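Secondary and tertiary structure notes
Spelled out, the chains give:
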Amino acid sequence: MKTPYRFAATCLTLLTFVAAAEEPTPGYNHKIPEKIMTPDKVETRIGTLEFFDGMPLPDTVDKLYENLLLMRGVETFLNGIPATSIEGLREGLIEAGADAPNKVLIFDNLMDSAPLFLTGNTDTVYAAAFLDLKKDGPTVIEVPPDCGPGTVNDAYFRFVTDMGIPGPDAGKGGKYLVLPPDYEGEIEGQIGSKETLVDGEPYFVSRSPSYANLILLRGLLVDGKTDAATKSFTEGIRIYPLGKAGDAPAMEFISGSGKSFNTIHANNYDFYEELDTVIQREPVDMLEPQLRGLFSSVGIEKGKKFAPTDSQKKTLTEAVAIGNATARAIAFQPQFEGADLYEDSGWKTAFVGGDYRWLRDGGQGGRHLDARTLFFYIATINTPAMAARMIGKGSQYAVNYTDSEGDYLDGSRNYTLTIPANVPAANFWSVVVYDPQTRSELQTGQPFPSRNNKRDALIENDDGSVTLYFGPEAPEGKENNWVETVPGKGWFTLLRLYGPLDSWFDKSWRPGEFTLVQ
């Protein structure tokens, strides 16, 4: 039993402790939590930051605003890639002569390594054109029967509609109508197309958020040749303003095969000027306010001249260098969940999360920004047909930068890759080699740095598998299975499956790894 004296002593001790705990912070009447205070000096990676009672001193203010512009410049690069990438394509088509919607760039002899085009394939006949909905208004695209995967993307590389096999025409052909963002008529359009009668004729109608829209159609090879797809496109593709089929300019088809031109966005200060071109041309509400706010924070705003000071330009030049390096780290060494296709493998997916809108966990985690950067830094064309499980209709991709030991693929060395038998591809499979600098086809003595099971006479192993060889020189007797690489340069590859089947999705079939030949 405690005595009254011991009880009083205990209370006095507690009161003393409470009083000490509540001793006022100097300059205040009460104790202020340290977690809400700012010291007079703070050491950071950008240097020492100095404050007078929480207010930044002039040198610190200058340093912080410069750093803020640097951070916003980096984020503008990472978030602006979809817009500048499709703008690079638009400018590239103009450079190649396709400067109007009725002028279609066609790779009638396939896409070789001459043009700079983000991870283009060597396997299908591409037909590409740009719509100008601001000039032409509602525009019709006639797609011929038996067209492979085709897509319309807006000026931020967002999905507008599919065409051909994965589209609503299901490969039967048809008329597509794309409405401009400011259309005020009675025709209803949506993302993804809706079949609608217009003046008594059926159209697959969609509405785009932007004026500039890319059309890219792919024609499949027949007996390893391009003739049938080229004939179908040149005779069957028509693009014209709605109601002016009879008055439209004649279609022109310009061959892009064997031509050198660039479709890739800048990785230096020019990037911001490319982005500004898009922002000035397109309607304000093409992008949601947060993205517009990010871009305007570095001086890119619709209706205003992009004119940074010399000091700001210097900071933005550094920002784009950091942004480009960051994009390369994200693309070539992704370190986030969902990038790996298999455990202990170099194969990765370019569509992390399997969502063409780049939503994380169905949208619960918001937009997966790094997944979007990964894709658009190395690839083009955004469609559910490249991300969703579309058995026998869409397309699937696996990308690989490393050998079985985790080292980057080196053009000075020799490697083998075994493709197991029974590849789950209804149409074809291929392996294409790319240059890590340009993310375009690797330029070598071979016009097509690839191997395709429909185009090439590949040598099969006894079990039906195919072993491919990569290196500066072909192994004797293996020339048909060899892809040339360049000493002193790195390279990476994409495995394509057109018409993917169940065993791709359930992973009961998987490709081998790149094995270094000592």
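Everything below is about the structure shown above.
As a starting point, this report considers the structure included with it. Bear in mind that the values here come from a model prediction, so they are computed numbers and not experimental data.

In this section: the overall build of the chain. What the chain contains, in helices and strands, is nine helices and 22 strands. The 518 residues of the chain split such that 51% are buried. Contacts spanning at least 24 positions in sequence make up 72% of the contacts within the chain whose residues lie at least 6 apart. When the accessible area of the chain is evaluated, it comes to approximately 24,600 Å², of which 51% is carbon and sulfur surface. In the chain, 48 positive and 71 negative side-chain charges are present, and the distance between their average locations comes to 3 Å.

With that out of the way, let us pick up the sheet that holds strand β9 (residues 174-179). Taken in spatial order, the five strands line up as β10-β11-β9-β6-β13 in an open sheet, and their pairing is mixed. Each end of this open sheet is capped by a strand with a single partner; those strands are β10 (194-198) and β13 (238-241). Neighbour-to-neighbour, the strand axes of the sheet open up by a mean angle of 35°, direction not taken into account. For β9 and strand β11 (residues 201-207), the ladder comprises four bridges, and the chain directions are parallel. For Tyr176, the partnering residue across the bridge sits in β11 and is Phe204.

Tallied over the full model, the rule gives 25 aromatic pairs. Seen from their ring centres, Phe332 and Phe492 are 5.8 Å apart, and the 55° between their planes marks the pair as tilted. Residue Phe332 is found in helix α7 (residues 310-332), and its partner Phe492 is found in strand β21 (residues 492-500); the two are separated by 160 residues along the sequence. We classify Phe332 as buried; its relative accessible area is 10%. Between Trp504 and Trp509 the ring centres are 6.4 Å apart and the planes differ by 45°, which places this aromatic pair in the tilted class.

Conventions adopted
Residues numbered from 1 in each chain as written. Predicted model: local features only at pLDDT ≥ 70, side-chain atom pairs only at ≥ 80, totals over all residues. Heavy atoms only, no water. Helix = DSSP H or I, 4+ residues; strand = E, 2+ residues; numbered from the N terminus. Buried < 20%, exposed > 50% of the residue type's maximum accessible area, 1.4 Å probe, protein only. Contact = heavy atoms within 4.5 Å. Areas by Shrake-Rupley, 256 points an atom, 1.4 Å probe, with all protein chains shown as cover. Lys, Arg positive; Asp, Glu negative; His and termini not counted. Charge placed at Lys NZ, Arg CZ, Asp CG, Glu CD. Pairing = 2+ DSSP bridges. Axes fitted to C-alpha atoms, helices over the stretch in contact; angles between N-to-C directions. Phe/Tyr/Trp six-rings, centres within 6.5 Å; stacked < 30°, edge-to-face > 60°.

Interpretation note: all reported values are geometric properties and have no functional meaning in isolation.
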